[in-house]
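# Observations on the model geometry
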Amino acid sequence: MQIDLLSPESFIGGQPHDQFRWLRQHDPVHRHEEPGGRGFWAVTRFDDVWTVDRDFQTYSSEPTIMIADPASELGTSFGPYKMMLMMDPPEHTAFRKLIRSEFTQPAAHLREGRIQILARQIVDAVIDKGECDFVAEVAGEMPSYVIAELMGLPLDDGRELYKLTEIIHTSPEALPPGAGGQAVGKMFEYASGVIAEKRARPSDDLASKLLAAEVDGRRLADMEFLLFFLLLVDAGGDTTRNLLSGGLLALMQAPDQFRWLMADLDRRLPAAREELLRWTSPVIYMRRTARKDTELGGKTIRQGDKVVMYFGSANRDPARFERPESLDLSRDPNPHNAFGAGAHACLGQHLARVEIDAMLREVLTRMEAFELASDPEWLPSNFISGPKAMPLKFKAKQRVAA
Ligand code: HEM
């Protein structure tokens, strides 16, 4: 089996499940070559991924969670500053604490009403057309609006920022030279305007709170704010979008499952949403770096080695899930790790669940007879998985008069 988990081509039809299957069976901690780099360990079994993700003392998030070492395009001039995603405890704990309260389950549920209204507006905008690009016009709108609301920004700005995250998540080989760095630059330029605006007119939004917050008895440096901003816009954008469009695609490809869900949507949606998370696993990987020599899956890992966790593979591991290659919306329990685990477990997961439920409920109760107008175009990325465009035809459901 030809193993290539780097080339964007391996991901253009979705995650390379044939490669993952082979690796889990034959070489679950696989030494992977890296052109121009020093290679990495590809970890594909659920238990090994779980071990790596939870053991920050052995597996560090520094200097980066991307496979390429900094110094290349995106590891630009952040000075001494890092993004929270690329810190280890205790530093990471102090930064995460600054925004944790905004992302608890109760905090996410307080946003439910507003998110439901946004979902309705998003569907209102396409419902009479009978066709749309589901990714750009429906799935992508929700996370852009939600992050804008959270940060206290105009909703249209959220949409522009989201376009930049898509560039940032695209593999550099699939972009014109320098495009990734330019997108980060534009994001920072915008966020610098936010700093000026929120310092002049603070409000109760997350951007104002971050600017007023203290870590180790001092305010955040501007670059620390910029990196928080980039993380929040980046982390919640095309992850949620890809779950929604990849999820709808999975439902269309499994009509029996789709019918089962629609027979009792309200009751069945939570389990279905978890299965769609397992099935699509929008974050393909996170990298760690070994702080010391250790052993994993019978292989000797040396201090400084790159260790890469493949969540989409872990979530199809037969040692963890019965019939993992079948979409089973009633799966319960469903111990997937699409949101990761350990110190860095997705901070936005409760909010993501509220967004996903609101959007899926709105789409599935108002639209029907979904048909692909052409084949979905997949994001050419080895980091984030999902359709980049999904032209869809549909019919508006007739509303039953009360
Ligand atoms: C379906 C949607 C989403 C998926 C699949 C997802 C997945 C992930 C994963 C896999 C991680 C890394 C976990 C690890 O290293 O163990 C992560 C981290 C993170 N996510 Fe999400 N995410 C989603 C939505 C969101 C949303 C909506 C937000 C916020 C608006 C968000 C904010 C974050 C943040 C801030 C981190 C970094 C946490 C840390 O470093 O402590 N995510 N997410």
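As the structure is a prediction and not an experimental result, all values here were calculated from the model.

## Let's talk about the sheet that holds strand β10 (residues 306-310)
In spatial order, the strands read β1-β2-β10-β7-β3; together these five strands make up an open sheet with mixed pairing. Two strands in the sheet have a free side with no partner beyond their single neighbour: β1 (29-32) and β3 (59-60). As paired strands, strand β7 (residues 285-290) and β10 are joined by five bridges and run antiparallel to one another. Across the sheet, the residue bridging to Met286 is Met309, located in β10. Seen against the sheet, helix α2 (residues 46-54) touches β1, β2 (40-43), β3, β7 and β10 and runs at an angle of roughly 125 degrees to β10.

## Considerations on the sheet that holds strand β4 (residues 131-133)
The antiparallel open sheet is built from three strands, whose spatial order is β4-β14-β11. Only two strands of the sheet have a single partner each, and these edge strands are β4 and β11 (367-372). Along the sheet, successive strands turn relative to each other by an average axial angle of 30 degrees, direction set aside. Here four bridges tie β11 to strand β14 (residues 391-396), and the two strands are oriented antiparallel to one another. Across the sheet, the residue bridging to Glu371 is Lys393, located in β14.

## Notes on the coordination of the iron atom of the ligand
Exactly one donor from the protein chain reaches the iron atom of the ligand: Cys346 (SG), at 2.3 Å. Tracing the backbone shows Cys346 in the loop between α15 (311-314) and α16 (349-366).

## Re the pattern of salt bridges
Counted under the stated rule, the structure contains 36 salt bridges. A salt bridge links Glu149 to Arg114; its shortest N-O distance comes to 2.7 Å. In this pair, Glu149 sits in helix α7 (residues 141-151) while Arg114 sits in helix α5 (residues 112-127), placing the two residues 35 residues apart along the sequence. Assessed through its relative accessible area of 26%, Glu149 is described here as partly exposed. Among the ionic pairs, Glu141 bridges to Arg159, the shortest N-O distance being 2.8 Å. With Glu141 in helix α7 and Arg159 in helix α8 (residues 155-169), this pair connects stretches of sequence that are 18 residues apart. A network of salt bridges, in which partner residues are shared, links Glu34, Arg38, Asp69, Arg287 and Lys306.

Scoring rules and cut-offs
- Starting afresh in each chain, residues are numbered from 1 along the sequence in its written order.
- Local features are withheld for residues below a pLDDT of 70 in this predicted model, meaning they are given only at 70 or higher, and side-chain atom pairs are given and counted only at 80 or more; totals for whole chains, interfaces and linings count all residues.
- The basis for the side-chain values is all heavy atoms of the structure; hydrogens and waters are excluded.
- Being paired, for any two strands, means DSSP has found at least two bridges between them.
- Comment: elements are numbered from the N terminus, with helices defined as DSSP H or I runs of at least four residues and strands as E runs of at least two.
- By definition, residues are in contact when any of their heavy atoms lie within 4.5 Å.
- Axis definition: a line fit to C-alpha positions, over the contact stretch in the case of helices; interaxial angles, taken between N-to-C directions, run 0 to 180 degrees.
- Atoms are scored as donors when they are N, O or S and lie within 2.8 Å of the metal, with 3.2 Å used for Na, K and Ca; no water is included, so coordination may look incomplete.
- The rule for a salt bridge is simple: a side-chain nitrogen of Lys or Arg has to be within 4 Å of a carboxyl oxygen of Asp or Glu.
- A simple rule labels every residue: compare its accessible area, found with a 1.4 Å probe on the protein chains alone, to the largest value its type can have, and call it buried under 20%, exposed over 50%, or partly exposed in between.

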